[in-house]
Amino acid sequence: MKLYRVAVAGCGGMARTWVEYALKREDAEIVALVDLYPEAAKAMADRYGLACGTYTDLKTAIAESGANLVFDVTIPATHHTIGKTALEAGCHVFGEKPMAATMDEARDLIATAERTGKSLSVMQNRRYDANIRALRGLILGGTIGKVGYVGADFFLGPHFGGFRDAMDSPLILDMAIHTFDQARLVIGADPVSVYCHEFNPPGSWYKGNAAAVCIFEMSDGSTFCYRGSWCAEGAPTSWEASWRITGERGTAIWDGHNAPYAEVVAAGDQEGKFFRDCERAEAAFDWEGRGGHAGCLDEMFAAVAEGRRAETDCRDNIHSIAMVLGALESAKTGRKIWLNEL
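The structure contained in this document is the topic of the report that follows. Remember, it's a predicted structure, so these values are computed and weren't measured experimentally.

Analysis parameters
- Residues numbered from 1 in each chain as written.
- Predicted model: local features only at pLDDT ≥ 70, side-chain atom pairs only at ≥ 80, totals over all residues.
- Heavy atoms only, no water.
- Core = buried A, V, L, I, M, F, W, Y, C linked by side-chain atoms within 4.5 Å.
- Buried < 20%, exposed > 50% of the residue type's maximum accessible area, 1.4 Å probe, protein only.
- Helix = DSSP H or I, 4+ residues; strand = E, 2+ residues; numbered from the N terminus.
- Contact = heavy atoms within 4.5 Å.
- Axes fitted to C-alpha atoms, helices over the stretch in contact; angles between N-to-C directions.
- Parallel < 35°, antiparallel > 145°, perpendicular 65-115°, else oblique.
- Nonpolar A, V, L, I, M, F, W, Y, C, P; charged D, E, K, R; others polar.
- Left-handed = near helix turned anticlockwise from the far one by under 90°.
- Polar contact = N/O pair within 3.5 Å; in protein donor to acceptor, adjacent residues only side chain to side chain.
- Pairing = 2+ DSSP bridges.

**A few points about the nonpolar core**
- One finds Val70, Met99, Phe180, Cys214, Phe224, Trp243 and Ile245 to be the most contacted residues of the largest nonpolar core, which totals 79 residues.
- Of all the elements, helix α8 (residues 170–187) adds the most residues to this core, at ten residues.
- Leaving out residues up to four positions away in the same chain, methionine 99 has contacts with His79, Ala106, Leu109, Ile110, Leu120, Val122, Cys314, Asn317, Ile318 and Ile321.
- Core analysis: the second largest hydrophobic core is formed by 30 residues, Cys11, Ala41, Leu50 and Leu69 among them.

**Observations regarding the environment of methionine 99**
- Checked against the element boundaries, methionine 99 lands in the loop between β5 (92–95) and α5 (103–116).
- Judged by relative accessible area, methionine 99 falls into the buried class, the value being 4%.
- Considering only alpha carbons, one finds methionine 99 and asparagine 317, 218 residues apart in sequence, at a separation of 7.5 Å.

**Focus on the packing of α5 against helix α10 (residues 314–333)**
- Orientation of α5 relative to α10, taken along the N-to-C sense of each, is 180°, at an axis distance of 10 Å. Taken together, α5 and α10 sit at an angle that is classed as roughly antiparallel. In contact with Met103, Ala106, Arg107, Ile110, Ala113 and Glu114 of α5, α10 contributes Cys314, Arg315, Ile318, Ile321, Ala322 and Leu325.
- Of the residues in the contact of α5 with α10, the class split is nine nonpolar, no polar and three charged.

**Quick look at the packing of helix α1 (residues 15–23) against helix α9 (residues 292–306)**
- Relative orientation of the contacting elements α1 and α9 amounts to 55°, with a least axis distance of 11 Å. Considered as vectors, α1 and α9 are oriented oblique to each other. Classified by chirality, the crossing of α9 by α1 is right-handed. Across the interface between the two elements, Thr17, Trp18 and Tyr21 of α1 pack against His293, Ala294, Leu297, Asp298 and Phe301 of α9.
- Classifying every residue of the contact of α1 with α9 gives five nonpolar, two polar and one charged.

**Thoughts on the environment of aspartate 174**
- Relative to the helices and strands, aspartate 174 resides in helix α8.
- Note: C-alpha distance between aspartate 174 and alanine 106 (68 residues apart in sequence) is 17 Å.
- When residues no more than four places from it in sequence are discounted, the contact partners of aspartate 174 are Lys97, Phe163, Arg164, Met167, Ser169 and Trp230.
- Polar side-chain contacts of aspartate 174 include one of 2.5 Å to the side chain of arginine 164.

**A look at the sheet that holds strand β10 (residues 223–229)**
- Sheet architecture is open: nine strands sit in the order β14-β13-β12-β11-β7-β10-β9-β8-β15, paired in mixed fashion. Only two strands of the sheet have a single partner each, and these edge strands are β14 (278–282) and β15 (337–338).
- Bridging between strand β7 (residues 147–155) and β10 involves seven bridges; their strand directions are parallel. Within β10, the residue paired with tyrosine 149 across the bridge is threonine 223.
- Taken strand by strand, α10 contacts β8 (191–199), β9 (211–218), β10 and β15, and its axis lies near 50° from that of β8.

**A look at the environment of alanine 189**
- You can see alanine 189 is positioned in the loop between α8 and β8.
- The spacing of alanine 189 and glutamate 217 is 28 residues in sequence and 10.0 Å in space, taken between C-alpha atoms.
- When sequence neighbours within four positions are dropped, the list of residues in contact with alanine 189 reads Arg184, Met218, Ser219 and Asp220.

**Focus: the sheet that holds strand β6 (residues 120–122)**
- Pairing is parallel in the open sheet, where six strands are placed in the order β3-β2-β1-β4-β5-β6. Two strands in the sheet have a free side with no partner beyond their single neighbour: β3 (53–55) and β6. Strand-to-strand twist in this sheet, taken as the mean axis angle between neighbours without regard to direction, amounts to 25°.
- Two strands pair when backbone bridges link them, and β5 and β6 are joined in this way by three bridges, in the parallel orientation. Looking across to β6, one finds that phenylalanine 94 is bridged to serine 121.
- Sheet strands touched by helix α4 (residues 79–88): β1 (4–9), β4 (69–72), β5 and β6. Its angle to β4, the strand with the most contacts, is close to 175°.

Purely geometric numbers; function is a separate question.
In structure tokens, the structure reads:
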């Protein structure tokens with residue numbers, strides 16, 4: 001018997017990435033496929049030649065298959081139900097973002113994980129990239145000194161079709177959590193407050209607001225400013241956003257594609273100079289992990305094996321959810337939101 005017996009909850013398109021990952025692990029086997037639509041679970045089984053049972057109910061699937069780990073690849077509205085059911089059945093849970101749809105649900109999942117002693121970790125795949133790890137190294141290594149400002153620009157024009165086009169806040173709800181979570185990773189700080197203005201620009205093909213400007217106060221005293229649009233045609237940024245981070249001694253830059261770097265005030269006497277001379281500082285690339293979903297899942301499995309919290313453990317990830325829900329509340333009320341109010 002393999003060490004990890006996996007029940008996959010949700011058999012849509014995103015689940016393929018999770019299933020393909022599990023099939024490559026020698027210590028894991030997929031023992032159940034669960035979906036509200038039986039034909040979806042059966043199609044997944046057929047696609048990958050899986051002989052496991054297919055179910056419409058997770059609790060039954062766990063009981064009959066002996067699963068000890070659940071992949072939650074369902075829609076956000078069901079993450080609380082799926083996660084709580086799995087945890088209370090004695091399973092660890094690795095789930096897609098966001099952890100839950102509300103702060104009350106997120107807090108309840110954390111309490112359930114605490115009570116059951118099981119792991120609940122959240123997919124934040126955009127943390128797992130050699131360039132962003134190098135940027136983090138520049139910042140946390142003190143290259144630019146104490147950070148004062150973090151700016152991330154995200155401007156793309158994807159024509160998805162489907163549910164995103166009908167969402168009320170497609171950018172903030174479906175995508176911004178990645179950039180918010182990346183900011184927390186890079187500077188090693190958590191959000192304190194947020195002011196958000198969201199809007200739907202001319203030419204938008206989305207029903208809801210597809211653009212936003214958010215200003216976060218962070219726990220290290222810095223300000224994080226997010227500017228984004230999901231209906232910006234032309235001159236696209238990277239999916240990883242375009243970053244400018246200023247500190248007391250210099251500025252770090254990452255375009256989301258290429259290696260990050262910093263420009264810092266050069267050594268020597270520069271008294272009286274209107275603009276001080278600066279010198280370039282290259283980022284060190286010493287992160288050896290895999291990228292994307294594979295890197296995040298590697299970390300989740302390693303954390304369970306080592307009996308520790310994963311980097312994207314629910315008790316950490318709740319801060320990223322708070323940034324999303326706080327931004328939405330701010331946009332709705334037109335006021336700054338202190339995130340401890342949530």
